[in-house]
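# Structural characterization, general
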Amino acid sequence: MDNNLVGGLYNVDMLEELEKGKAEDVAIELIEENILNEIYDKRDLTDLKETIIKDGLLQPLVAYKKNDKYILVSGHHRLRAIKELLSEEKDVLFFGKKIKDTVPVLIHKGFKDTNEELLVILHSNIGRKLSEDETDRISSEIIRIDSEMYPTKQSRPKGETKRKSIEKISPISAKTIERHTNKIADEKNDKYKDIISKLNRFKNYISSIDLLDLGNMEKQNIKIKIEEINEILYQIH
């Protein structure tokens, strides 16, 4: 994993490119939102649109080229806000230049794998106030990435704990991720308790009837109970 990339979206090389004015004007229709950004909830754009109208677009979007399209890395809300403003026939300026069919984009060099791409997206939103659902999704992804980076205890750097490894890549605190892990464990325990309770009720029901002397109604009840057991087993799987 490239620590320079993980450390933040605008690393030194990219800042130098920006200072050199190397943001390109890219047709808005060629820019696609990054599917990995769906880890975040979509937000109301009212305040952002008002800021853009007042101050203009203050920094370019960031994207990498894929075939004939540009995949966003940073600027999803800004792009949506720009599209809405243009559809409302409002002026959008970037350092005094009016945006029409194109928008300034800083071209990212791309990523070696999806995990690196996701981590950069997460770190580019490091100051964002997260909802509980967003925190849960991010925590799950960080845990998954850490497990793929270090599939065994022996594969971790010598003397490095799982918590330390997570702290090195995570945009949220290890304490928050631990809280998420504990919550998931509690939810699983509650789920298994409910499953065991249903299995016990079925066992008690079977024990209370004479299987050799069943009428049609009892047979139907048995069939329904078996379907319930199949559903429970599916949940366990």
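Here's what I pulled together on the structure shown here. (Residues numbered from 1 in each chain as written. Predicted model: local features only at pLDDT ≥ 70, side-chain atom pairs only at ≥ 80, totals over all residues. Heavy atoms only, no water.)

## Considering the pattern of salt bridges
We count it as follows: A side-chain nitrogen of Lys or Arg and a carboxyl oxygen of Asp or Glu constitute a salt bridge if their distance falls within 4 Å. Labels follow the DSSP assignment, with helices taken as runs of H or I lasting at least four residues and strands as runs of E lasting at least two, numbered in each case from the N terminus. Buried, partly exposed and exposed residues are distinguished by accessible area as a fraction of the type maximum, computed with a 1.4 Å probe on protein chains only: under 20%, between the cut-offs, and over 50%, respectively.
Inspection of the entire model under this criterion finds 18 salt bridges. E167 is the partner of R163 in a salt bridge, and the nearest nitrogen-oxygen pair spans 3.4 Å. Taken together, the residues R163 and E167, both in helix α7 (residues 162-169) and 4 residues apart, mark about one turn of the helix. Judged by relative accessible area, R163 falls into the partly exposed class, the value being 38%.

## Description of the pairing of strand β7 (residues 102-107)
Selection rule: Two strands form a pair only when DSSP identifies at least two bridges running between them.
Pairing of strand β1 (residues 24-27) with β7 involves 4 bridges; the strand directions are antiparallel. Pairing of D25 across the sheet is with P104, part of β7. Summarising the sheet, strand β3 (residues 61-66) and β7 pair through 3 bridges and their orientation is parallel. For A63, the partnering residue across the bridge sits in β7 and is I107.

## Things to note about the nonpolar core
Our working definition: What we call a nonpolar core is a set of buried Ala, Val, Leu, Ile, Met, Phe, Trp, Tyr and Cys residues that are connected through their side-chain atoms within 4.5 Å.
Ranked by internal contacts, the top residues of the largest apolar core, which has 21 residues, are Y40, V73, L122, I138 and I142. At the level of secondary structure, the elements contributing two or more residues to this core comprise β3, β4 (69-74), α5 (114-124), α6 (132-149) and α7. Counting residues in each nonpolar core, the second largest holds 18 residues, with I31, L57, A63 and Y70 among its members.

## Quick notes on α5
Operational definition: Each polar contact in these results corresponds to two N or O atoms within 3.5 Å; when the atoms are within protein, one needs to be able to donate a hydrogen and the other to accept it, and residues that are neighboring in sequence are counted only if both atoms are side-chain atoms.
Counting buried positions along α5 gives 9 out of 11 residues, so the element sits mostly inside the fold. Residues of α5 that are buried: N115, E116, E117, L118, L119, V120, I121, L122 and H123. N-capping of α5 is provided by D113, with a side-chain oxygen placed 3.3 Å from the backbone N of N115.

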